[in-house]
Amino acid sequence: MTKNNQTFEMKMTRLETIVKSLDEEEVSLEKSLELYQEGIKLSQECDNILKNAELKVEELNKDTDDDGE
C-alpha cells in the first residue's frame, strides 16, 4: 500500500512511531529532521481526514434534522 492510500489508523501508528523515535532513540540531526518533517506531514493529513469526517457527520445530522421537520 502506498503512503497516499494509508488509512487514518496507519498514519496515526506511523506518527506514534516517529514521536517515540524522537523521544527515546538517539538519532542524528539529519534523521531527526527527516522524522520531524514526516511527522508534520502525517499530522496535517490526519487533521484533514478528521475535518472531512466531521463535515460528513454534520451533513448527515443536518439531513436527519431536515427529514424530521
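To be clear, the structure that these remarks concern was listed above.
Definitions and cut-offs
- Residues numbered from 1 in each chain as written.
- Predicted model: local features only at pLDDT ≥ 70, side-chain atom pairs only at ≥ 80, totals over all residues.
- Heavy atoms only, no water.
- Helix = DSSP H or I, 4+ residues; strand = E, 2+ residues; numbered from the N terminus.
- Buried < 20%, exposed > 50% of the residue type's maximum accessible area, 1.4 Å probe, protein only.
- Expected span 1.5 Å × (residues − 1).
- Arc of directions from axis to C-beta.
- Salt bridge = Lys/Arg side-chain N within 4 Å of Asp/Glu carboxyl O.
- Patch = residues over 30% accessible without salt bridge, like charges linked within 9 Å, V, L, I, M, F, W, Y side chains within 5 Å.
- Areas by Shrake-Rupley, 256 points an atom, 1.4 Å probe, with all protein chains shown as cover.
- Lys, Arg positive; Asp, Glu negative; His and termini not counted.
- Charge placed at Lys NZ, Arg CZ, Asp CG, Glu CD.

### Focus on the overall build of the protein
- Looking only at helices and strands, one finds two helices and zero strands in the protein.
- Buried residues in the protein amount to 13% of all 69 residues.

### Quick look at helix 1 (residues 8-24)
- If you check helix 1, its first and last C-alpha atoms are 24 Å apart, about what 17 residues at 1.5 Å a residue would give, namely 24 Å.
- When we look at burial in helix 1, the residues that qualify are Lys 11, Leu 15, Ile 18 and Ser 21. Relative to the axis of helix 1, the buried residues are bounded by an arc of 120° and lie together on one face. Relative to its buried face, helix 1 has exposed residues pointing more than 90 degrees away, namely Glu 9, Lys 20, Asp 23 and Glu 24.

### Regarding the pattern of salt bridges
- If you walk through the whole model with that rule in mind, you get four salt bridges.
- Glu 45 is the salt-bridge partner of Lys 11, the closest N and O atoms lying 2.5 Å from each other. With Lys 11 in helix 1 and Glu 45 in helix 2 (residues 29-67), this pair connects stretches of sequence that are 34 residues apart.
- Judged by relative accessible area, Lys 11 falls into the buried class, the value being 6%.
- Across the pair Glu 38 and Arg 14 runs a salt bridge whose closest N-O atoms are separated by 2.9 Å. With Glu 38 in helix 2 and Arg 14 in helix 1, this pair connects stretches of sequence that are 24 residues apart.

### Let's talk about a negative patch on the surface
- There is a patch of like negative charges on the surface, built from Glu 54, Glu 58, Glu 59, Asp 63, Asp 65 and Asp 66.
- Looking at the element boundaries, Glu 58 is found in helix 2.

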